[in-house]
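Chain and residue survey
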Amino acid sequence: MKSMKISLEMAQRVKDFVAITQNCEYEVLLKSGKYVVDAKSILGIFSLDLSKPLTVEIYSDDCADLLQQLAKFEA
């Protein structure tokens, strides 16, 4: 499992983030405090407090390409 902190403060950033994570074959979760949602779900992401940094958890050890794509969202 890999994890990183990201920031998704604007709706366009959420849309871009979901466009990237949708294509993953492995599980990707987004955490905000005690809340956890599927990172491929735009509605789930909008249910979180986007004013604070979020934690992305990627359940794969072979995800360097995804981490590189998500680097632009790093908090």
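What comes next concerns the included structure. (Residues numbered from 1 in each chain as written. Predicted model: local features only at pLDDT ≥ 70, side-chain atom pairs only at ≥ 80, totals over all residues. Heavy atoms only, no water.)

Here the focus is helix H1 (residues 11–21). Listed as buried for H1 are Val14, Phe17, Val18, Ile20 and Thr21. Across the axial projection of H1, the buried residues extend over an arc of 160°, all falling on one side. Residues of H1 that are buried sit in contact with strand S1 (2–6), strand S2 (28–32), helix H2 (42–46), strand S4 (54–58) and helix H3 (64–70). (Buried < 20%, exposed > 50% of the residue type's maximum accessible area, 1.4 Å probe, protein only. Helix = DSSP H or I, 4+ residues; strand = E, 2+ residues; numbered from the N terminus. Arc of directions from axis to C-beta. Contact = heavy atoms within 4.5 Å.)

The subject of this paragraph is the pattern of salt bridges. By the definition in use, this model includes 2 salt bridges. For the salt bridge of Glu57 with Lys31, the shortest nitrogen-to-oxygen distance reads 3.2 Å. Taken together, the positions of Glu57 in strand S4 and Lys31 in strand S2 put the pair 26 residues apart, joining distant regions of the chain. By relative accessible area, Glu57 is classed as buried at 10%. Measuring nitrogen to oxygen at the nearest pair gives 3.8 Å for the salt bridge that ties Lys52 to Asp49. (Salt bridge = Lys/Arg side-chain N within 4 Å of Asp/Glu carboxyl O.)

So, about the side chain of Thr21. Checked against the element boundaries, Thr21 lands in helix H1. A distance of 2.8 Å separates the side chain of Thr21 from the backbone oxygen of Ala39, its partner in a polar contact. Once you skip the residues sitting within four places of it in the chain, Thr21 turns out to touch Val28, Ala39, Lys40 and Leu70. (Polar contact = N/O pair within 3.5 Å; in protein donor to acceptor, adjacent residues only side chain to side chain.)

Once that is clear, we can look at the sheet that holds S4. One open sheet accounts for 4 strands, arranged S1-S4-S2-S3; its pairing is antiparallel. Each of the sheet's edge strands pairs with one partner strand only, and the pair in question is S1 and strand S3 (35–38). The average undirected angle you get between the axes of adjacent strands in this sheet is 25°. Summarising the sheet, S2 and S4 pair through 4 bridges and their orientation is antiparallel. (Pairing = 2+ DSSP bridges. Axes fitted to C-alpha atoms, helices over the stretch in contact; angles between N-to-C directions.)

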